[in-house]
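Here is how the chains run, residue by residue.
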Amino acid sequence: MRYLPINQLKNDMVLGQELYDAQGHMLLAKHTTLTEENIAYIAFLGVPGVYIDDSFSEEAKVEEIIRPEVKKAALRLIQDVFVHAAEDDVVGSAKENALRKYVNEIVDCVLDNEDVMYNLVAIKTYDDYTFFHSTNVAILSGIIGAKLNMKREALDDLVMAGFLHDIGKVFIDPDIINAPRKLTDEERIQMMDHPRLGYDFLKDEYNFSEDVLEAVYQHHEWFNGDGYPRRLEGVNISRMARILKVADVYDAMTGRRSYHDPYLPSDVLEYIMGRSGMEFDPSIVQVMAMEMCVYPVGCEVGLSDGRRGIILENQRGFIMRPKIKLLGDERVLDLANDREAWNLTIVKLLM
Ligand SMILES: [Fe+2]
């Protein structure tokens, strides 16, 4: 599989993934042969690029940590929970049980695939942003939590808090949430109230543990005490909230928002590392720096000597030095181990 930005798709290429919307409806099936019409349709969806299958990239395999059907069903449910919360029409226990079921399945997937690295290429459209983002934060938090050897019950709570961390936003004026501009002071104060609104809502309507509620309340606190709403500091912030904080920023910055194009995963990781100890807990940043694929499998990269290739495989602990299949001569270059690659760096990522 290889990842191609939308402007490089051509007729007769074969789609290597399925595309679905936030309701979990399939829009295009895997192995669809692309035509001019469905390329135009993909562009219309606002998707920045897609995976295609071809013989050159056959060895580039994207391993899924979460089974696609679990992810799709979770996405559908989370949308339902958000929409009903906004309409003040909560059917507590049925929805709570459904949420627990998917949280459970996600934690199963995470624990079954502990040797798989997180390889996210954002396939979310702008309209469905909140639901894809909530699902991604839940999954990424679960993966980080598992690496930190959190116990099963705590992982379940963490993934649940990931799904619901921004539920308080449904009580804020959508014009403020989606404003493609700088907020006024008063709007910013309203916006900064969403962790508390989320906490209060979940406390009233559901029976989640206090750990889940507090993680939602604290997910914008900074490690150095400069966050909001209560300016908690260091280990006074719950560990779950410190994990959510990193996962939230990583996914928000790599995703497509109303006010900016996605940043490259390598740039986002650098940003997070640069703010370790300030915004983020250093012990969690360290796990991220081992586990994130900053050069996602299948993506095209440019090397410092001008050659180009696609990412074949990432290597844990050496995330800046993946294996690359070179365009042109089709050789595989292992940036971590091949002697000829020692003075080469990746200078460009096509996403
Ligand atoms: Fe938030």
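Before reading on, note that the structure itself is shown above.
Quick notes on the rules
- Residues numbered from 1 in each chain as written.
- Predicted model: local features only at pLDDT ≥ 70, side-chain atom pairs only at ≥ 80, totals over all residues.
- Pairing = 2+ DSSP bridges.
- Helix = DSSP H or I, 4+ residues; strand = E, 2+ residues; numbered from the N terminus.
- Axes fitted to C-alpha atoms, helices over the stretch in contact; angles between N-to-C directions.
- Buried ≥ 20, exposed ≤ 12 C-beta atoms within 10 Å, placed from the backbone.
- Contact = placed C-beta atoms within 7 Å.
- Core = buried A, V, L, I, M, F, W, Y, C linked by C-beta atoms within 7 Å.

1. Looking at the sheet that holds strand 8 (residues 323-326)
Item 1. Read across the sheet, 5 strands follow the order 9-8-7-6-10 without closing on themselves; strand pairing throughout is antiparallel. At either margin of the open sheet sits one strand with a lone partner, and together these are strand 9 (332-334) and strand 10 (346-350). Put simply, the sheet's adjacent strands are angled 40° from each other on average, direction ignored.
Item 2. Across 3 bridges, the pairing between strand 8 and strand 9 is antiparallel. The residue bridging Ile 324 from the neighbouring strand is Leu 333, located in strand 9.

2. Some remarks on the sheet that holds strand 1 (residues 2-5)
Hydrogen bonds between backbone groups are what pair the strands of a sheet, and the pairing can be parallel or antiparallel.
Item 1. Taken together, the 3 strands give an open sheet; going across it, the order is 1-5-2, and neighbouring strands pair in antiparallel fashion. Both outer strands of the open sheet, strand 1 and strand 2 (14-15), are each paired with one neighbouring strand and no more.
Item 2. Taken together, the 2 bridges between strand 2 and strand 5 (residues 49-53) define a ladder with antiparallel strand orientation. Counterpart to Val 14 in the pairing with strand 5 is Asp 53.

3. Observations concerning helix 9 (residues 210-217)
Item 1. Listing the buried residues of helix 9 in full gives Val 212, Leu 213, Ala 215, Val 216 and Tyr 217.
Item 2. Looking at the buried residues of helix 9, the elements they touch are helix 5 (152-164), helix 8 (194-205) and helix 10 (239-254).

4. With respect to the environment of Pro 322
Item 1. Position of Pro 322 among the secondary structure elements: in the loop between strand 7 (308-313) and strand 8.
Item 2. Expressed as a C-alpha distance, the spacing of Pro 322 and Val 297, which sit 25 residues apart in the sequence, is 9.0 Å.
Item 3. Each residue touching Pro 322, except ones within four places of it in the same chain, is listed here: Tyr 295, Ile 311, Glu 313, Asn 314, Gln 315 and Leu 335.

5. So, the nonpolar core
Considering soluble globular proteins, one finds that nonpolar side chains tend to be buried as a cluster.
Item 1. Membership of the largest hydrophobic core comes to 80 residues, with the highest contact counts inside it found for Ile 106, Val 159, Ala 161, Val 216 and Val 246.
Item 2. Discounting residues that sit within four places of it in the chain, Ala 161 has contacts with Val 212, Ala 215, Val 216, Met 240 and Leu 244.

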